[in-house]
Amino acid sequence: MMATSSKKLAAISNSSSTHQHAWWSSSSSIAVLLFVVPLVVVFGLISVLGPNTSNWVIISPSASPRLNLTATSPSSGGSSDSNDDVLGLRSTVAVLDMHSIEEAHSDDSVQNQSSSPPIAIEDEAEALPTLQQPNMTKGDDSRNETHASIMEKRQRKNTNLGWLEARLRRARAAIREAKFGNQTHDVDYIPNGPMYWNANAFHRSYLEMEEKFKVFVYAEGEPPLFHNGPCKSIYSMEGNFIHEIEVNKQFRTRDPEKAHVYFLPFSVTMLVRFVYVRDSHDFGPIRQTVRDYVNIVSEKYPYWNRSLGADHFMLACHDWGPETSNSNPHLRKNSIRALCNANTSEGFNPSRDVSFPEINLQTGDTHGFLGGPSPRLRSNLAFFAGGVHGPIRPILLEHWENKDPDMRVHQYLPKGASYYDMMRQSRFCLCPSGYEVASPRVVEAIYTGCVPVLISDHYVPPFSDILNWKSFSVEVSVSDIPNLKKILTRISSRQYVRMQRRVLQVRKHFEVNSPPKRFDVFHMILHSIWLRRLNVRVHDDQ
């Protein structure tokens, strides 16, 4: 009886052990599957996406650059800094692997790649990574020194970029806070009035720029194509800016590790003059020159490859500026392009590119151009004088040339008449586009205190990320040219006086000074570039 019971207990014990073993085996299999399957998925994604994920840029895909568009109040539970466009736009910020952009068309550019993942640097603490030392014996001094040197270089590299990005992050926060705060004191000038989308935010941003912004100018290249440009022509802003940024001690840095942006100092006007074969209609030599230059700096320095040009900028007032940027796909799609020819129909992107004014400095400065009489002494309703140039002016001349004494529209000035005197005698100055959208008449009107009338299609006015052009200018579509006088006479005397006073107030932002003065055109160009850089987050971990 006892033997039988013992056999039954043994059988039950063996059966229980068998079931436990089977259960444990099943559980182990499930655990292994739960661990292996995600690994398979991850490695599959890595194999599909490829290893080129070391250089990442966060950019805003916004379509409009106004500084004051709906921004979330700090008390309203808005999105975090990573989703906030400093220009005031609330569209989602995109995180892009820049190596995947135009991969099929990037043979012309040099790209260094590695397999390290991106790191997000949010503040100075995160800019200092914790580095774990491997196990070493105390006697292995040479190995310890080598490893320490490598770790120091890695940490210094991450610290430099992390420090820059942390300062930009604080600048973005200060600008957002200023939108809803009180005006900051300034001994020189305090922006105020409807000429600005948000005067407080602009002023705070300008002060942040003065304190923090650094530009590195590549030293490669020789004049006249590089480090040179015209200073006494319709394209004078190219030479003026190149000269001023290269001699500037406040914003230019000689240490590329301290720079927020990198300037490619070629002049499109000089390329057209010395490289382009006249009447050949062949842009090949210009494109090849710029392509070679980008390749040189990308091979010598790590900064172009780090962002694929997103923190680099070019500047061109020549009509062929947009065409020249086609020399390199990343220059066209990623870089900040400061252009006079700010034509959206030719690919100008207001959220990434900068529109700056075309200024015809006939003598190299503005002496004698500034100023004009009060509104009550301006006897002409409107004025224009200019040749048939482009598709818009023939329409203007057809409807208004010498047909109305109030509308002083001429292809050729009357004998003895002065162009600038006619502007000073007029309340409104007509500024139709030529073959391209930019026109020096816009700034000439502002200089003489004449309210500009913009007649163009697809034109983004200069500094329109800051300036509300509708408050001090009139925008007329080409289709409304026949109704031009009716449109202008509908503007009341009181409204016109307000607009004219605003023209005088914004004039300081278009004045050319040597050396530059605060808030003038040189600083406004820099500020627009600064704003675009604030909307780019560069991450590098190699």
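What you see is a predicted model, and the numbers here were worked out from it, not measured in a lab.

1. Describing the packing of helix H4 (residues 236-247) against helix H15 (residues 521-534)
Okay, step 1: Relative orientation of the contacting elements H4 and H15 amounts to 80°, with a least axis distance of 11 Å. When the interaxial angle is binned, H4 and H15 end up roughly perpendicular. Mapping the contact onto sequence places Met237, Phe241, Glu244 and Ile245 in H4 and Val521, Phe522, Ile525 and Leu526 in H15.

2. Some points on the environment of Asn513
Okay, step 1: Along the chain, Asn513 turns up in the loop between helix H14 (493-506) and H15.
Okay, step 2: Excluding residues that lie within four positions of it along the chain, Asn513 makes contacts with Glu244 and Asp520.

3. Digging into the confidence of the model for the chain
Okay, step 1: Averaged over all residues, the pLDDT of the chain is 79; the fraction at 70 or higher stands at 70%.
Okay, step 2: Below pLDDT 50 for its whole length, residues 1-26 participates in zero contacts with residues either more than four positions away or in separate chains.
Okay, step 3: Below pLDDT 50 for its whole length, residues 45-84 participates in 129 contacts with residues either more than four positions away or in separate chains.

4. Concerning the packing of helix H3 (residues 199-212) against H15
Helices that pack against each other are described as a pair by the angle of their axes relative to one another and the distance between those axes.
Okay, step 1: At a minimum axis distance of 10 Å, the contact between H3 and H15 shows a crossing angle of 95°. The angle between the axes of H3 and H15 places the two elements in the roughly perpendicular class. Of the residues in H15, those in contact with Phe202, Ser205, Tyr206, Glu208, Met209 and Lys212 of H3 are His523, Met524, Leu526, His527, Trp530 and Leu531.

5. Comments concerning the environment of Asn380
Okay, step 1: Tracing the sequence through the fold places Asn380 in strand E8 (residues 380-385).
Okay, step 2: Using a relative accessible area of 6% as the deciding quantity, one classes Asn380 as buried.
Okay, step 3: On a C-alpha basis, the gap between Asn380 and Pro405 in space is 8.1 Å, while along the polypeptide they are 25 residues apart.
Okay, step 4: Not counting chain neighbours up to four residues away, the residues in contact with Asn380 comprise Asp406, Arg408, Met422, Gln425, Ser426 and Arg427.

6. Observations regarding the nonpolar core
The nonpolar side chains of a soluble globular protein tend to be buried with one another.
Okay, step 1: Formed by 91 residues in total, the largest nonpolar core has its most connected members in Phe428 and Leu430.
Okay, step 2: Per element, the largest residue contribution to this core is nine residues, and it comes from H15.
Okay, step 3: Those residues within four positions of Phe428 in sequence are excluded, and the remaining contacts are Leu381, Ala382, Phe383, Cys450, Val451, Val453, Val474, Leu488, Ile491 and Tyr496.
Okay, step 4: If you look at the next biggest cluster of nonpolar residues, it comprises 31 residues, including Phe216, Val290, Ala342 and Phe348.

7. Structural notes on the state of the cysteines
Okay, step 1: As enumerated under the stated definition, the model contains two disulfides in all.
Okay, step 2: Across the disulfide, Cys317 is cross-linked to Cys340 (sulfur-sulfur distance 2.0 Å). Note on the Cys317 and Cys340 pair: the S-S dihedral is about -85°, so by sign convention the disulfide is left-handed. Separated by 23 residues along the polypeptide, Cys317 in the loop between strand E5 (312-316) and helix H8 (321-325) and Cys340 in the loop between strand E6 (336-339) and strand E7 (354-355) bring together distant segments of the chain. With respect to burial, Cys317 and Cys340 carry one shared label: buried.
Okay, step 3: Each sulfur of the disulfide joining Cys429 and Cys450 lies 2.2 Å from the other. Here the disulfide of Cys429 and Cys450 is right-handed, its torsion about the S-S bond being about 110°. Of this pair, Cys429 sits in strand E10 (residues 426-432) while Cys450 sits in the loop between helix H12 (441-447) and strand E11 (451-455), and the two are 21 residues apart along the sequence.

8. Details of H3
Okay, step 1: For H3, spanning 14 residues, the distance from its first C-alpha to its last is 20 Å, which sits close to the expected 20 Å at 1.5 Å a residue.
Okay, step 2: Summarising burial for H3: 12 of the 14 residues are buried, a large majority.
Okay, step 3: Looking only at H3, the buried set comprises Ala199, Asn200, Ala201, Phe202, His203, Ser205, Tyr206, Leu207, Glu208, Met209, Glu210 and Lys212.
Okay, step 4: Between the side-chain oxygen of the N-cap and the backbone nitrogen of Asn200 there are 3.3 Å, and the N-cap of H3 in question is Asn198.

9. Describing the pairing of E5
Okay, step 1: With five of five residues buried, E5 lies mostly within the body of the structure.
Okay, step 2: Residues of E5 alternate between two faces, with His312, Met314 and Ala316 on one and Phe313 and Leu315 on the opposite face, all of them buried.
Okay, step 3: The sheet contact formed by E5 and E6 spans four bridges and is parallel. The residue bridging Ala316 from the neighbouring strand is Leu339, located in E6.

10. Thoughts on H4
The α-helix winds at 3.6 residues per turn, so residues separated by three or four positions along the chain end up facing the same way.
Okay, step 1: Taking 1.5 Å of rise per residue, 12 residues should cover 16 Å, and H4 covers 17 Å from first to last C-alpha, within 8% of that figure.
Okay, step 2: Of all 12 residues making up H4, 10 are buried, and the element is well covered by its neighbours.
Okay, step 3: Looking only at H4, the buried set comprises Ser236, Met237, Glu238, Gly239, Asn240, Phe241, Ile242, Glu244, Ile245 and Glu246.
Okay, step 4: Check the buried side of H4 and you find it contacts strand E3 (215-217), strand E4 (261-263), helix H5 (268-274), E5 and H15.

Cut-offs used in this document
Residues numbered from 1 in each chain as written. Predicted model: local features only at pLDDT ≥ 70, side-chain atom pairs only at ≥ 80, totals over all residues. Heavy atoms only, no water. Axes fitted to C-alpha atoms, helices over the stretch in contact; angles between N-to-C directions. Helix = DSSP H or I, 4+ residues; strand = E, 2+ residues; numbered from the N terminus. Parallel < 35°, antiparallel > 145°, perpendicular 65-115°, else oblique. Contact = heavy atoms within 4.5 Å. pLDDT = per-residue confidence, 0-100. Buried < 20%, exposed > 50% of the residue type's maximum accessible area, 1.4 Å probe, protein only. Core = buried A, V, L, I, M, F, W, Y, C linked by side-chain atoms within 4.5 Å. Disulfide = S-S within 2.5 Å. Expected span 1.5 Å × (residues − 1). Polar contact = N/O pair within 3.5 Å; in protein donor to acceptor, adjacent residues only side chain to side chain. Pairing = 2+ DSSP bridges.

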